[in-house]
Amino acid sequence: MKSIKVGLLGIGTVGAGTFNVLKRNQEEISRRAGHGIEIVMVADLDVARAKELVGSHCEVVNDGNLLVSNPDIDIVVELIGGYGIAKDLVLKAIANGKHVVTANKALLATHGDEIFKAAQDKGVMVAYEAAVAGGIPIIKALREGLTANRIEWIAGIINGTTNFILSEMRDKGLDFDTVLKEAQRLGYAEADPTFDIEGVDAAHKATLMSAIAFGIPVQFDKAHVEGITKLEAVDIRYAEQLGYRIKLLGIAKRTPQGIELRVHPTLIPAKRLIANVEGAMNAVLVQGDAVGATLYYGKGAGAEPTASAVIADLVDIARLADAEPAHRVPHLAFQPNAMADTPILPISEVTTSYYLRMHVADKLGVLANVTSILADSTISIDAMLQKEPALGETQTDIIMLTHQTQEKNVEAAIKKIEALPTVIGKVTKIRLEHLS
Ligand code: HSE
């Protein structure tokens, strides 16, 4: 039985996890793959640390070019991250006829079409289970398990850092900045957490899922991306009182007008299973026309959960390496000549429900003015909450939940509401999804 030879580009947390799980479960894995899978070379700038991790088991070099041009290597595992050197090395590996496994969502969400095209031309596979939701086999589920379905929508908690922060804000009633500092101290958030907290990481993952769910090109530049940095503890509290939780959702939805691709804080009914996904865990809810709703839950990051996904890809490639390229699962689930050009809708064209919070003077007619603006904009109110002003106060908050409407309608109504003399400051708008 020929052993499949693997080269690791980068041996950080996930690389070390991959090395350890492959070693520990070697026998089971080769019984499944039909081949041994052996890491024969590692490229990492920190050669001394890499040697410490792999011992005398394989060669360690500090130049990835040596690895991607090594004729002994069948599969290159890219765990460097980013779009610079990683892109260059992935394209060189493909040009050299090697299969690629990558956990690099940023690279695939921005340059996926170019990379998949190069791989297709060369007859090699690029596998990326680890790029979306870490250890959850969501790519496998979407590309293969749900292949009979017309996928209607996907909604996922696909960033553990932000889910941890939101869980802490809700549990402890703390504000965003305080929880972020705590998350950094505990190692849940990176020293530079921008990609996570601004929703970029989740949008990379949502972009990849939208491509394989709907058979469209990978279009990160068209995704609407909002993070959680502006979210206030008061809205988490009001949402709770109305029976909702706020989660950072990645949403990909098919509509008659086009595809919605968006990441933003979202109110979801507290009774939904996905609303109860807490801490750094991930979950993805997929609605297919035949199967209905299916929910996938697990660890979205970490050394061994991510290694689990990387190794699943290695096994898939080991099984299919000798198959005709046309007999393999297409990179984006749909045959390359059957991709659709369905447009991705701008956020102004998105249709959803809304949570609106406004701070108002507690005077006769204020509510009537607000509701008449909404009615004039054909926005129907679903629920409302108004508290008595605190003792000695003359102002209060009004919270309204709307039925579904287009974003541009809501934006126009908000402008009019903010212009009312009895409305103080800005209206807070958070999108709401029933996920039913
Ligand atoms: N930083 C990501 C998260 C994991 O917090 O979920 C890698 O995408």
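In the block above lies the structure referred to throughout.
Residues numbered from 1 in each chain as written. Predicted model: local features only at pLDDT ≥ 70, side-chain atom pairs only at ≥ 80, totals over all residues. Heavy atoms only, no water.

1. What about the nonpolar core?
The nonpolar side chains of a soluble globular protein tend to be buried, and buried together.
(1) Moving on: By size, the foremost hydrophobic cluster in this structure holds 86 residues, and its most contacted members are Ile138, Leu142, Ile165, Leu267 and Val286.
(2) Moving on: Residue contributions to this core peak at 10 residues, all from helix H11 (residues 200–214).
(3) Moving on: Grouped together as the second largest cluster of nonpolar side chains are 34 residues, Ala16, Met125, Ile311 and Ile317 included. (Core = buried A, V, L, I, M, F, W, Y, C linked by side-chain atoms within 4.5 Å. Buried < 20%, exposed > 50% of the residue type's maximum accessible area, 1.4 Å probe, protein only. Helix = DSSP H or I, 4+ residues; strand = E, 2+ residues; numbered from the N terminus.)

2. Notes on the layout of surface pockets
(1) Moving on: In this structure, the second largest pocket encloses a volume near 490 Å³.
(2) Moving on: Forming the walls of the second largest pocket are 20 residues, and the residues nearest its centre are Glu226, Lys230, Thr428, Lys429 and Ile430.
(3) Moving on: Looking at the lining of the second largest pocket, the elements that each hand over two or more residues are helix H15 (407–419) and strand S17 (423–432).
(4) Moving on: When residues in the lining of the second largest pocket are grouped by element, the largest group, 5 residues, is from S17.
(5) Moving on: When its residues are assigned to classes, the lining of the second largest pocket shows 7 nonpolar, 3 polar and 10 charged. (1 Å grid on protein atoms, 1.4 Å probe; cavity = no way out; pocket = protein on both sides within 12 Å on 5 of 7 lines; lining within 4 Å. Points joined across faces, edges and corners; volume = space filled by probe spheres on them. Nonpolar A, V, L, I, M, F, W, Y, C, P; charged D, E, K, R; others polar.)

3. Description of the site of the ligand
(1) Moving on: Within the structure, the ligand sits among Lys105, Asn159, Gly160, Thr161, Asp196, Asp201, Lys205 and Ala301.
(2) Moving on: In the model, an oxygen atom of the ligand is placed 2.7 Å from a nitrogen or oxygen of the Gly160 main chain.
(3) Moving on: A distance of 2.5 Å separates an oxygen atom of the ligand from a polar atom in the side chain of Thr161.
(4) Moving on: In the complex, 82% of the free accessible area of the ligand, which totals 260 Å², lies under the protein chains.
(5) Moving on: Taken together, the residues of the shell around the ligand sort by class into 1 nonpolar, 3 polar and 4 charged. (Near = heavy atom within 4 Å. Polar contact = N/O pair within 3.5 Å; in protein donor to acceptor, adjacent residues only side chain to side chain. Areas by Shrake-Rupley, 256 points an atom, 1.4 Å probe, with all protein chains shown as cover.)

4. Some details on the packing of helix H14 (residues 366–376) against H15
(1) Moving on: It is the contact of H14 with H15, at a shortest axis distance of 9 Å, that shows an interaxial angle of 155 degrees. Accordingly, the angle class assigned to the pair H14 and H15 is roughly antiparallel. Crossing hand, H14 versus H15: right-handed. Across the interface between the two elements, Val370, Ile373 and Leu374 from H14 touch Ala413, Lys416 and Ile417 from H15.
(2) Moving on: The residue makeup of the contact of H14 with H15, split by class, is 5 nonpolar, no polar and 1 charged. (Axes fitted to C-alpha atoms, helices over the stretch in contact; angles between N-to-C directions. Parallel < 35°, antiparallel > 145°, perpendicular 65-115°, else oblique. Left-handed = near helix turned anticlockwise from the far one by under 90°. Contact = heavy atoms within 4.5 Å.)

5. Describing the pattern of salt bridges
(1) Moving on: Here the structure, examined in full by the defined rule, presents 31 salt bridges.
(2) Moving on: Between Asp201 and Lys205 there is a salt bridge whose closest N-O contact spans 2.6 Å. Remark: Lys205 and Asp201 occur in helix H11; sequence separation between them is 4 residues, near one turn of the helix.
(3) Moving on: In the salt-bridge network here, residues are joined through shared partners; they are Arg170, Asp171, Glu240, Arg245, Lys247 and Glu278. (Salt bridge = Lys/Arg side-chain N within 4 Å of Asp/Glu carboxyl O.)

6. Topic: the packing of aromatic side chains
(1) Moving on: Under the counting rule described, the total for this entry stands at 2 aromatic pairs.
(2) Moving on: Relative to Tyr128, the ring of Phe116 has its centre 5.5 Å away and its plane inclined at 45 degrees; by these criteria the two rings are tilted. Of the two residues, Phe116 sits in helix H6 (residues 105–122) while Tyr128 sits in the loop between strand S6 (126–127) and helix H7 (138–145), which places them 12 residues apart along the sequence.
(3) Moving on: Judged by relative accessible area, Phe116 falls into the buried class, the value being 5%.
(4) Moving on: For Tyr128, a relative accessible area of 1% puts it in the buried group.
(5) Moving on: An angle of 15 degrees between the planes, with centres 4.0 Å apart, marks the rings of Phe164 and Tyr188 as stacked. Of the two residues, Phe164 is situated in helix H8 (residues 160–172) and Tyr188 in the loop between helix H9 (176–186) and helix H10 (194–197); the sequence distance between them amounts to 24 residues.
(6) Moving on: The exposure class of Phe164 is buried, given its relative accessible area of 7%. (Phe/Tyr/Trp six-rings, centres within 6.5 Å; stacked < 30°, edge-to-face > 60°.)

Read these as layout, nothing more, since geometry by itself doesn't imply function.
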